[in-house]
Amino acid sequence: MAPYQAKQYAEGRPNYPPELFQLIASKTPEHDLAWDVGTGTGQAARSLGEIYKNVIATDTSPTQLEFAAKLPNIQYQQTSPVMSMAELEGKVGTESSVDLVTISQAIHWFDLPVFYKQVKWVLKKPNGVIAAWCYTTPEVNDSMDKILQRFYENPYWDHPQRKMVDDKYMSIDFPFEPVDGEESTGPFDQFAIERVMDLEDYFTYLRSWSAYEKAKQKGVELLSDDVVEEFKRAWGGDGNNGQKLVKFPIYLRIGKVGL
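Structure report, in brief. Keep in mind the model is a prediction, meaning the values are calculated, not measured.

The rules we used
Residues numbered from 1 in each chain as written. Predicted model: local features only at pLDDT ≥ 70, side-chain atom pairs only at ≥ 80, totals over all residues. Heavy atoms only, no water. Helix = DSSP H or I, 4+ residues; strand = E, 2+ residues; numbered from the N terminus. Buried < 20%, exposed > 50% of the residue type's maximum accessible area, 1.4 Å probe, protein only. Core = buried A, V, L, I, M, F, W, Y, C linked by side-chain atoms within 4.5 Å. Contact = heavy atoms within 4.5 Å. Pairing = 2+ DSSP bridges. Axes fitted to C-alpha atoms, helices over the stretch in contact; angles between N-to-C directions.

## Description of unusual backbone geometry
So, step 1. At the junction of Lys125 and Pro126, the peptide bond is cis and its omega measures out at -5° in the coordinates.
So, step 2. Here Pro126 shows up in the loop between helix 6 (112-122) and strand 5 (129-135).
So, step 3. Backbone geometry places Asn127, a non-glycine residue, at a positive phi of 80°.
So, step 4. Within the element layout of this structure, Asn127 appears in the loop between helix 6 and strand 5.
So, step 5. Located in the positive-phi region is Tyr169, a residue other than glycine, with phi close to 65°.
So, step 6. Looking at the element boundaries, Tyr169 is found in the loop between helix 8 (162-166) and strand 6 (192-197).
So, step 7. Judged by relative accessible area, which is 0%, Tyr169 ranks as buried.

As structure tokens, this is what we get:
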């Protein structure tokens, strides 16, 4: 990822609600060490750092990590796309050493059988917790959301696993036991990101999409003048051209390891 795109990502990506992390943390008996995988620019790692004594936050992109918030109890590590067990032990932790593994808006990119083997090795047994969540497209009003759906359905998404997000992680393989108090591993939908945005903030978020960047590399501007004008008319259709409350629904899978 180029530095400009990483900056767009850091500025455009929404922050998650504290209640999400409070719920997840309530399911881990101890709060010593959390591993945030695919941390990007550290949105989830920052919140985890307020609850867990230490956080290891990993990503394959050094340019994304450059824009991550630096906090004393968060250690950022660049890793290989598929880590060896030696790299896992050296950069994350030893067997049964991690209380929580989190993956925000990223697990659909992973080699899941390999990743899950590593998660089960590194999590504390019993009751170490894994939580993976995605958020879907932002909701503003009917007119905006219909235009966005057309904008979203473009040919530049470069990974078939993107469909896992489209179906709200319902179909993703998730071979873990339900956490205490739950009958299943989800997806649970009681959370949403709420963010006050103006139209330029909204466009900054759209420009952070990997599909937008891929189209741009091919000489295609998805936010063409016509599309921008259409969004502008829909944004101000209620007489308010300023800031609006934008919601991003969150879908959470959460489970634990056994003995």
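From this point on, the discussion continues.
## A closer look at the nonpolar core
So, step 1. The biggest cluster of nonpolar side chains holds 55 residues, and the ones touching the most others in it are Trp133, Tyr202, Leu206 and Phe231.
So, step 2. With residues up to four places along the chain from it excluded, the contact list for Leu206 reads Leu148, Phe151, Tyr212, Leu223 and Phe231.
So, step 3. With 29 residues, the next largest nonpolar core counts Ile107, Leu112, Ala132 and Phe174 among its residues.

## Considerations on the sheet that holds strand 6
So, step 1. Strand order in the open sheet made by the 7 strands is 3-2-1-4-5-7-6, with mixed pairing throughout. In this open sheet, the two edge strands, each paired with only one partner strand, are strand 3 (74-78) and strand 6. Strand after strand, the sheet turns through a mean of 20° between neighbouring axes, direction not considered.
So, step 2. Packed on one face of the sheet, helix 6 meets strand 1 (33-37), strand 4 (100-104) and strand 5 and runs near 150° to strand 4.
So, step 3. Running at roughly 130° to strand 6, helix 9 (residues 199-207) makes contact with strand 5, strand 6 and strand 7 (244-256) of the sheet.

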